[in-house]
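# Notes for the structure review
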Amino acid sequence: MTTRRQMLKSAVLGGGASVIAATVMGSLGPEAAFAAPAPQADPGAPDPNFAEGRIRSINGNTLLVLGSNLVFHRIRVVDGTSLWKLGPVGFDQAMPGDGLYARGVRMPDGMLAAEAVWLNIVNIKGHIRNISSETVHLDHNGQEILCHVVAGKSVAVRSDAPPTGDLSLLSVGQHVQILGAWRPDTNEVDIASVFSPH
C-alpha cells in the first residue's frame with residue numbers, strides 16, 4: 001500500500017502529478033498538529049522533515065520561509081497538502097508575513113514536500129481577565145493577549161460537554177487554553193477553540 005509520504009514524494013518528483021485529497025488520506029487537524037509521531041532524527045539534531053518560520057515570499061506553489069534560527073526553507077505545497085489557518089483553507093490563504101509550522105518529506109534538493117502546513121497557529125494558556133461577546137482578554141504569563149471571537153468558527157470545549165459556539169459559559173478568572181490563529185505582528189489571536197476544565 002502506498003503511504004501518504006510516498007504519494008507526496010511522487011507528486012513533487014512528478015512535477016505536478018495529482019495526489020489524493022488530504023481529507024481522504026487523513027489530514028492532520030490542528031489539535032493533532034504535534035501529536036503525530038515524528039520520524040526519528042539523531043539526538044540533538046533538528047528534525048529534517050519539519051520546518052518553522054515566517055513566509056518571506058511565495059512563488060507558484062513554493063513558500064520561501066525564514067526560520068527562527070535564520071535558516072531559509074523552501075516548502076512545496078501539493079494537491080495532498082493539508083493547510084490550516086483557523087480551519088482548513090486553500091493555498092491562496094497563505095500570505096507573506098504568516099508564521100508557519102510544516103511537516104513533510106525532505107527531497108534530495110533540500111525542498112520540503114509538505115504533508116501539513118499550519119499557518120499562524122498558536123496554542124496558549126492563561127487566565128481570562130475580561131470577556132465580551134466579541135473578545136477574550138487573556139493574561140498569558142503577565143502578557144495580555146487579545147483573542148477575537150470569530151462567528152461561525154470559534155468554539156468552547158469543556159471536559160463535561162460537547163463543543164459549543166456559545167462562549168458565554170466562560171468567566172473572568174477562569175484558566176483556559178486557546179488554540180487559534182495569530183494576527184502577525186500583533187498581540188492578537190483569532191479563536192478556533194477555547195478549552196476549559198469545567
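Okay, so let's go over this structure. Position numbers for residues start from 1 in each chain and track the written sequence from start to end. Confidence filtering applies because this is a predicted model: local features only for residues at pLDDT of at least 70, side-chain atom pairs given and counted only at 80 or more, and all residues used for totals across whole chains, interfaces and linings. Working from all heavy atoms in the structure, the side-chain values ignore hydrogens and water.

### Here we look at the overall build of the protein
A helix here means a DSSP run of H or I that spans at least four residues, while a strand means a run of E at least two residues long, and both kinds are numbered starting from the N terminus. Helix and strand content of the protein: 2 helices and 14 strands. By definition in these notes, contact holds between two residues if any of their heavy atoms fall within 4.5 Å. Long-range pairs, those at least 24 residues apart, make up 56% of the contacts in the protein between residues at least 6 apart in sequence. Residue exposure ignores everything except the shown protein chains as possible cover, and the areas themselves are Shrake-Rupley values with a 1.4 Å probe. Put simply, the protein shows about 10,400 Å² of open surface, and 55% of that area lies on carbon and sulfur atoms.

### Concerning the nonpolar core
Buried Ala, Val, Leu, Ile, Met, Phe, Trp, Tyr and Cys residues that are joined via side-chain atoms within 4.5 Å together make up what is termed a nonpolar core. Each residue is assigned to one of three classes by its accessible area relative to the maximum for its type, calculated with a 1.4 Å probe on protein chains only: buried under 20%, partly exposed between the two thresholds, exposed over 50%. Judged by nonpolar contacts, the single largest core of 15 residues is most densely connected at L138, C147, V176, I178, I191 and V194. Elements with a minimum of two residues in this core: strand 8 (121-131), strand 9 (135-140), strand 10 (143-148), strand 13 (175-182) and strand 14 (188-196). I75, L83, L112 and L119 belong to the second-largest nonpolar core, a separate cluster that totals 14 residues.

### Thoughts on the side chain of S154
When you line up the elements, S154 lands in the loop between strand 10 and strand 11 (155-158). Distance and chemistry together define a polar contact, namely a pair of N or O atoms within 3.5 Å, with one atom able to donate a hydrogen and the other to accept it when in protein, and with adjacent residues in sequence counting only for side-chain atoms on both sides. In this structure the side chain of S154 is engaged in a polar contact, spanning 2.7 Å, whose partner is the backbone nitrogen of V150. Only 2.6 Å separates the side chain of S154 from the backbone oxygen of I191, close enough to count as a polar contact. Discounting chain neighbours no more than four positions away, the residues touching S154 are H148, V149, T164, G165, L167, I191 and A192.

### Here's the deal with the pattern of salt bridges
Any two side chains of opposite charge can pair if their charged atoms end up close together. Here, a salt bridge means any side-chain nitrogen of Lys or Arg that lies within 4 Å of a carboxyl oxygen of Asp or Glu. One pass over the structure, following the stated rule, counts 7 salt bridges. With its nearest N and O atoms 2.8 Å apart, the salt bridge here joins D98 to K85. Placement of D98 in the loop between strand 5 (88-89) and strand 6 (99-106) and of K85 in the loop between strand 4 (82-84) and strand 5 is noted, with a sequence separation of 13 residues between them. Across this residue pair, the class does not change: D98 and K85 are buried. Put simply, R183 and D190 hold a salt bridge, and the shortest N to O gap is 2.8 Å.

### Some thoughts on the side chain of T62
Mapped onto the secondary structure, T62 falls in strand 2 (residues 62-66). In this structure T62 comes out as buried when scored by relative accessible area, which is 16%. Excluding its chain neighbours within four sequence positions, the residues that come into contact with T62 are S57, R74, I75, R76, F91 and M111.

### Some points on unusual backbone geometry
Its identity is not glycine, yet L70 carries a phi of approximately 65°, on the positive side. Among the structural elements, L70 can be located in the loop between strand 2 and strand 3 (72-76). Using a relative accessible area of 67% as the deciding quantity, one classes L70 as exposed. In this structure, N120 is a non-glycine residue whose phi angle is positive, near 60°. Tracing the backbone shows N120 in the loop between strand 7 (112-119) and strand 8. Take N120: its relative accessible area is 4%, and that puts it in the buried class.

In short, shape yes, function no, at least from these values alone.
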